[in-house]
Amino acid sequence: MTIPVLFLHGWTMRGAVFEDVAERLGADFTCYAPDLPGHGERVDDTLSLDACAALVDRWVSRLDRPILAGWSMGAGAAWRYIEHHGTAALRGLVTIDMSPRMLPAPGWDLGLLGQSAEAVLATSGRIEPDWPRMADSISRSLYARDSAPVFDRSAVREMLLGQDPAVLRPLWDDLVAMDARDTIAKIALPYLVCSGAQSRLYSREVADWIAETAEQAQVQSFAHSGHSPHLEEPDAFCDAIRRFVAAHRLATPEFEPEKT
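Treat the numbers as computed from the prediction; the structure is a model and nothing was measured.

Peer 1: What exactly am I supposed to notice about helix α11 (residues 234–247) here?
Peer 2: An α-helical segment advances 3.6 residues per turn. Residues three or four places apart therefore align on the same side. Helix length check: α11 (14 residues) gives 20 Å between terminal C-alpha atoms against 20 Å at 1.5 Å per residue, within 8%. Of the residues trailing α11, R249 is marked for its positive phi of about 50°.

Now the structure itself:
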């Protein structure tokens with residue numbers, strides 16, 4: 001049997017960023033990585049995290065209990081899917097370098113690193129007029145300073161400049177408004193929380209909070225990665241997925257698809 005994995009990309013990205021990981025995971029996994037609403041082939045879709053969750057639901061319903069793996073905004077889409085549909089149709093969850101609440105709040109300082117609520121909220125107004133400058137900033141912030149990612153900074157910048165910032169803005173606003181903390185507290189299935197030790201966006205404490213809050217969550221930190229361990233340390237990332245599957249027996253016969 002093969003294990004289905006449904007990858008969800010980050011804001012401004014496309015499903016194609018997971019092609020290298022899918023190849024490295026090999027024949028034991030069947031990987032899917034659709035473009036999310038507002039991105040790539042789905043630029044004309046309804047733009048919201050709810051729309052992302054609805055797309056995830058359509059994909060999950062076609063697959064045999066996939067592992068759901070969300071990076072950045074994709075993690076937000078995964079949490080929103082779970083909020084609406086629960087976890088019964090999944091065999092595992094993986095999230096990559098994302099906070100359940102990006103904005104700081106009283107008693108909550110695990111949002112975007114070093115950013116006040118005012119600064120985060122002000123970003124929305126700069127997306128359209130300052131898009132080329134933002135593309136440069138995003139392409140730098142995705143990776144640790146000394147990493148050599150398989151999807152390099154120039155390719156990231158080219159992808160960003162091919163996106164329509166007016167389309168992307170509503171999804172950014174939805175992400176900023178997101179608060180998935182209560183949803184995470186209710187997650188009770190095998191959960192791998194991936195954290196880049198050199199992330200410029202989120203601290204390791206975010207991953208620790210998720211692991212302490214979700215019943216079956218565990219943290220995997222990637223020492224040489226920033227926001228994108230699957231692109232910066234793809235072999236280590238794939239090994240972590242394989243160990244996660246083995247530790248939780250996610251490939252046991254009870255999950256085998258029915259023969260047709």
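From this point, the discussion proceeds with the structure in view.
Peer 1: Is there a simple way to think about the layout of surface pockets in this case?
Peer 2: Leftover empty space is mapped by rolling, across the atoms, a probe with the size of a water molecule. Taken as a whole, the largest pocket encloses approximately 640 Å³ of empty space. Listing elements by their share of the lining of the largest pocket, those giving two or more residues are α4 (117–126), α5 (131–141) and α7 (165–177). The element that contributes the greatest number of residues to the lining of the largest pocket is α5, accounting for five residues. Of the residues belonging to the lining of the largest pocket, the class tally is 16 nonpolar, eight polar and four charged.

Peer 1: How do you make sense of the packing of aromatic side chains when you look at a structure like this?
Peer 2: To describe a pair of aromatic rings, you give the distance between the ring centres and the angle between the ring planes. Within this structure, the stated rule accounts for seven aromatic pairs. Ring centres 6.4 Å apart and planes at 90° place the aromatic pair F18 and W71 in the edge-to-face group. Separated by 53 residues along the polypeptide, F18 in the loop between β1 (3–8) and α1 (19–25) and W71 in strand β3 (residues 67–71) bring together distant segments of the chain. Residue W71 is classed as buried on the basis of its relative accessible area of 1%.

Peer 1: Explanation requested: empty space enclosed by the protein in the structure shown.
Peer 2: In total, this model carries one cavity of 30 Å³ or more according to the counting rule given. Estimated volume of the largest cavity: approximately 60 Å³. Contributions of two or more residues to the lining of the largest cavity are made by β4 (92–96), β5 (191–196) and α9 (204–213). Broken down by class, the residue content of the lining of the largest cavity amounts to eight nonpolar, three polar and one charged.

Peer 1: How do you make sense of the side chain of Q163 when you look at a structure like this?
Peer 2: Of note, Q163 is situated in the loop between α6 (153–161) and α7. Judged by relative accessible area, Q163 falls into the buried class, the value being 10%. A distance of 3.4 Å separates a polar atom in the side chain of Q163 from the backbone oxygen of M13. In this structure Q163 touches T12, M13, R14, G38, H39, G40, W131 and L168, once residues within four positions along its chain are discounted.

Peer 1: Honestly, the sheet that holds β4 in this entry has me stumped. Any pointers?
Peer 2: Paired through backbone hydrogen bonds, the strands of a sheet run either parallel or antiparallel to each other. Strand order in the open sheet made by the six strands is β2-β1-β3-β4-β5-β6, with parallel pairing throughout. The sheet terminates laterally at β2 (29–32) and β6 (217–222), the two strands that pair on one side only. On average, adjacent strands in this sheet sit at an angle of 20° to one another, irrespective of strand direction. Here helix α2 (residues 49–62) sits on the sheet and contacts β1, β2 and β3; the angle it forms with β1, its principal contact strand, is near 170°.

Peer 1: Looking at this structure, how should I read the pairing of β1?
Peer 2: Looking along a regular strand, one sees the side chains alternate between the two faces of the sheet. Within β1, six of the six residues are buried, leaving the element largely enclosed by the surrounding structure. Neither face of β1 is open: one carries I3, V5 and F7, the other P4, L6 and L8, and all of them are buried. Pairing of β1 with β2, which is carried by four bridges, proceeds in the parallel orientation. From the neighbouring strand, L6 faces β2, where its bridge partner is Y32. Taking the sense of rotation as the criterion, the β-α-β connection linking β1, α1 and β2 turns out right-handed. Bridging between β1 and β3 involves four bridges; their strand directions are parallel. By the bridge assignment, L6 is partnered in β3 with L68.

Peer 1: Just checking my understanding: could you explain the nonpolar core for this structure?
Peer 2: Generally speaking, a soluble globular protein has its nonpolar side chains buried in company with each other. In terms of nonpolar packing, the biggest core is built from 85 residues, with W11, L68, W79, L93, V94, I187 and Y191 touching the most fellow members. Here V94 is in contact with I67, L68, A69, G70, Y191, L192, C194, I241 and F244, once residues within four sequence places are set aside.

Peer 1: Help me out: how do you make sense of the packing of α2 against α7 in this one?
Peer 2: Angle between the axes and distance between the axes: these two values describe a pair of packed helices. Running from N to C, α2 and α7 cross one another at 95°; their axes reach a closest spacing of 9 Å. Overall, the two elements α2 and α7 adopt an arrangement that is roughly perpendicular. On the side of α2, the interface is formed by L49, D50 and C52, while α7 contributes L171, D174 and L175. Among the residues forming the contact of α2 with α7, the class breakdown is four nonpolar, no polar and two charged.

Peer 1: How should the pattern of salt bridges be read in this particular structure?
Peer 2: Pairing of side chains with opposite charge becomes possible as their charged atoms draw close. Counted by the stated rule, this structure contains 12 salt bridges. For E128, the salt bridge goes to R169, with nearest N and O atoms at 3.7 Å. Separated by 41 residues along the polypeptide, E128 in the loop between α4 and α5 and R169 in helix α7 bring together distant segments of the chain. What makes R169 partly exposed here is its relative accessible area of 29%. Bridged by salt links that share partners, the residues D20, R24 and D235 form one connected network.

Cut-offs applied
Residues numbered from 1 in each chain as written. Predicted model: local features only at pLDDT ≥ 70, side-chain atom pairs only at ≥ 80, totals over all residues. Heavy atoms only, no water. Helix = DSSP H or I, 4+ residues; strand = E, 2+ residues; numbered from the N terminus. Expected span 1.5 Å × (residues − 1). 1 Å grid on protein atoms, 1.4 Å probe; cavity = no way out; pocket = protein on both sides within 12 Å on 5 of 7 lines; lining within 4 Å. Points joined across faces, edges and corners; volume = space filled by probe spheres on them. Nonpolar A, V, L, I, M, F, W, Y, C, P; charged D, E, K, R; others polar. Phe/Tyr/Trp six-rings, centres within 6.5 Å; stacked < 30°, edge-to-face > 60°. Buried < 20%, exposed > 50% of the residue type's maximum accessible area, 1.4 Å probe, protein only. Polar contact = N/O pair within 3.5 Å; in protein donor to acceptor, adjacent residues only side chain to side chain. Contact = heavy atoms within 4.5 Å. Pairing = 2+ DSSP bridges. Axes fitted to C-alpha atoms, helices over the stretch in contact; angles between N-to-C directions. Right-handed = clockwise from strand over helix to strand, strands pointing away. Core = buried A, V, L, I, M, F, W, Y, C linked by side-chain atoms within 4.5 Å. Parallel < 35°, antiparallel > 145°, perpendicular 65-115°, else oblique. Salt bridge = Lys/Arg side-chain N within 4 Å of Asp/Glu carboxyl O.

So, to be careful, I would describe these as geometric facts and stop short of saying anything about function.
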